[in-house]
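Summary of the model geometry
Now for the letters of each chain:
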Amino acid sequence: MKARHFLQFKDFSREEYEHLFARTRWIKEQFKSYRQYWPLIDRTLVMIFEKQSTRTRLSFEAGMHQLGGTAIYLNTRDSQLGRGEPVEDAAQVISRMSDIVMIRTFEQEIVERFARHSRVPVINGLTNEYHPCQILGDIYTFIEQRGPIRGKTVAWIGDSNNVCNTWLQAAELFDFNVHVSTPPGYEVEPERAGLYGTGHYEEFSDPMQAARDADLVTTDVWTSMGFEAENEERKRDFEDWQVDAEMMKAAKKEAVFMHCLPAHRGEEVTAEVMDGPQSVVWDEAENRLHAQKALIEFLLLGRIEQ
Ligand code: CP
Ligand code: NVA
């Protein structure tokens, strides 16, 4: 049987996400009650990092251990990947020695090429284009805090980056709306975002307008990994795209604030919002662990009915 991969958000159906969310809830409960759940004894996850990480590495590594398995960390600097071994060759070898692979890299094309030559499931742990594991955890967090996301409005303030693109794919799948506000020149590129064009997002030149009546306000760093050379220019261009208390007031009273982290207080978000009562960023970060455990379980063992 051909391995199933998780390379972008639209790779799974809504119904499969409903299953993952139910499993996430159950797996989280086991973890919180110190109950062991070790279905993956003898299974190995290989994690390949071509960019830095705290949350993704930790949540995958800890998650795999908590499921009874093992995780191995590889990075570009210390492996032959950094010396130009073709990604196709690496995929052949790594997937013969492991059961599942997670990759964080630059172009989406790299994870796709890896997956085409892999015998085992491949998970995208962030590319320039997408961050599907992040939005898996984020939507679980929204549902946990506020109930179903269908019909709700998410305000995305800032760069139309990998996290934004993934929110846009999720909106088409879960039938909610995204109000996007970016500075001129940083607008959404629907093709790069991999959208079907179902009209689930709207662009606003004024970030305050985008935030109006939103159920969730979210943002991300102005400069993503790999784009550091543009940092100074971006600081100037994004100056007016900061999520602050006034912007949160424009949103619904019960709106939550999310950020994939790491955050730069004083740039894309004020400390007041980041550390304020509407912020759910720590639950959001924690839920990466539980949601990805459900994802690994699904990719390796299929549907576990509870
Ligand atoms: N949000 C996220 O993916 O964080 P890391 O870069 O620390 O993995
Ligand atoms: N957009 C950010 C997300 C980091 C988790 C980046 O790609 O650097």
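Quick look at the structure, then. Along each chain, residues carry numbers from 1 onward, in the same order as the chain's sequence is written. Chains carry letters from A onward and ligands carry numbers from 1 onward, assigned in written order. Where local features are concerned, this predicted model is filtered to residues with pLDDT of at least 70; where side-chain atom pairs are given and counted, the filter is 80 or more; whole-chain, interface and lining totals use all residues. Each side-chain value is derived from all of the structure's non-hydrogen atoms; neither hydrogens nor water enter the calculation.

A few points about the overall build of the chain
Basically, it comes down to this: Elements are defined by DSSP. Helices are runs of H or I of four residues or more, strands are runs of E of two residues or more, and each kind is numbered from the N terminus. Remark: exposure states derive from per-residue accessible area (1.4 Å probe, protein chains only) relative to the maximum for the residue type, with buried under 20%, exposed over 50%, and partly exposed in between. For the accessible areas, the method is Shrake-Rupley and the probe is 1.4 Å, while residue cover comes only from the protein chains on display. Within this scheme the basic residues Lys and Arg register as positive and the acidic residues Asp and Glu register as negative, but His and the chain ends are omitted. One atom stands in for each charge, and that atom is NZ of Lys, CZ of Arg, CG of Asp or CD of Glu.
Along its length, the chain carries 12 helices and 9 strands. Summarising its shape, the C-alpha atoms of the chain cover approximately 50 × 45 × 35 Å along the three principal directions. Counting every position in the chain, which comprises 306 residues, the buried fraction comes to 56%. Total accessible area on the chain stands at roughly 13600 Å², and carbon and sulfur atoms take up 48% of it. Of the charged side chains in the chain, 35 are positive and 50 negative; the average position of the first set lies 6 Å away from that of the second.

Notes on the site of ligand 2
Basically, it comes down to this: Whether a residue is near a molecule or strand depends on its heavy atoms: it is near if one of them lies within 4 Å of it. Here a polar contact is taken to be a pair of N or O atoms separated by no more than 3.5 Å, where protein atoms must pair a possible hydrogen donor with a possible acceptor and residues adjacent in sequence count only if both atoms sit in side chains. Amino acids outside the nonpolar list (Ala, Val, Leu, Ile, Met, Phe, Trp, Tyr, Cys, Pro) and the charged list (Asp, Glu, Lys, Arg) are all regarded as polar, and Gly is one of them.
The immediate surroundings of ligand 2 are formed by L126, N161, N162, D220, S224, M225 and L261. In this structure, a nitrogen atom belonging to ligand 2 sits 2.8 Å away from a side-chain N or O atom of S224. Protein chains shield 94% of the accessible area of ligand 2, which is 270 Å² for the free molecule. Considered class by class, the residues forming the shell around ligand 2 number 3 nonpolar, 3 polar and 1 charged.

Some details on the sheet that holds strand β3 (residues 100-104)
Two pairing modes exist for strands in a sheet, parallel and antiparallel, and in both the strands are linked by backbone hydrogen bonds. Applied cut-off: Pairs of strands are assigned from DSSP output, requiring at least two bridges between the strands. Comment: axis = line fitted to C-alpha atoms, over the contacting stretch for helices; angle = value between 0 and 180 degrees taken between N-to-C directions.
Pairing is parallel across the open sheet formed by 4 strands, whose spatial order is β2-β1-β3-β4. Each edge of the sheet is formed by a strand with only one pairing partner; in this case those strands are β2 (70-75) and β4 (122-124). The sheet shows a mean angle of 20 degrees between the axes of neighbouring strands, direction not considered.

Focus on the site of ligand 1
Taken together, the neighbourhood of ligand 1 is formed by S53, T54, R55, T56, R104, H131, Q134, C260, L261 and R288. Within the contact set of ligand 1, an oxygen atom lies 2.8 Å away from a backbone nitrogen or oxygen of R55. At a separation of 2.9 Å, an oxygen atom of ligand 1 approaches a polar side-chain atom of H131. When ligand 1 sits alone it has 260 Å² of accessible area, and the protein chains cover 96% of it. Considered class by class, the residues forming the shell around ligand 1 number 2 nonpolar, 5 polar and 3 charged.

Some details on helix α3 (residues 87-94)
This is how it is decided: This arc is built from the directions going out from the helix axis to the C-beta atoms. Two residues qualify as a contact provided that any one of their heavy atoms is within 4.5 Å of a heavy atom in the partner residue.
Within α3, the full set of buried residues consists of V87, A90, A91 and I94. Here the buried residues of α3 occupy an arc of 100 degrees about the axis, which is enough to place them on one side. Buried residues along α3 sit against β1 (44-49), β2, β3 and α4 (108-116).

Things to note about the side chain of S279
Turning to its location among the elements, S279 is positioned in the loop between α11 (271-274) and α12 (281-301). Within the structure, S279 has its side chain in polar contact with the backbone oxygen of M274 (distance 2.8 Å). Ignoring any residue separated from it by four or fewer positions in sequence, one finds S279 in contact with F257, V273 and M274.

Considering the pairing of strand β5 (residues 153-157)
Spelled out, the test is: Assignment of crossover handedness uses the view with strands pointing away from the viewer, where a clockwise path from the first strand over the helix to the second indicates a right-handed crossover.
The element β5 is extensively covered by neighbouring structure, given that 5 of its 5 residues are classed as buried. The sheet contact formed by β5 and strand β6 (residues 177-181) spans 5 bridges and is parallel. Bridging across to β6, V154 finds its partner in V178. Where the polypeptide runs from β5 across helix α6 (residues 162-174) and back to β6, its parallel neighbour, the crossover connection is right-handed. Two elements, β5 and strand β8 (residues 216-219), share 4 bridges in a ladder whose sense is parallel. The residue of β8 that forms the bridge with A155 is V217.

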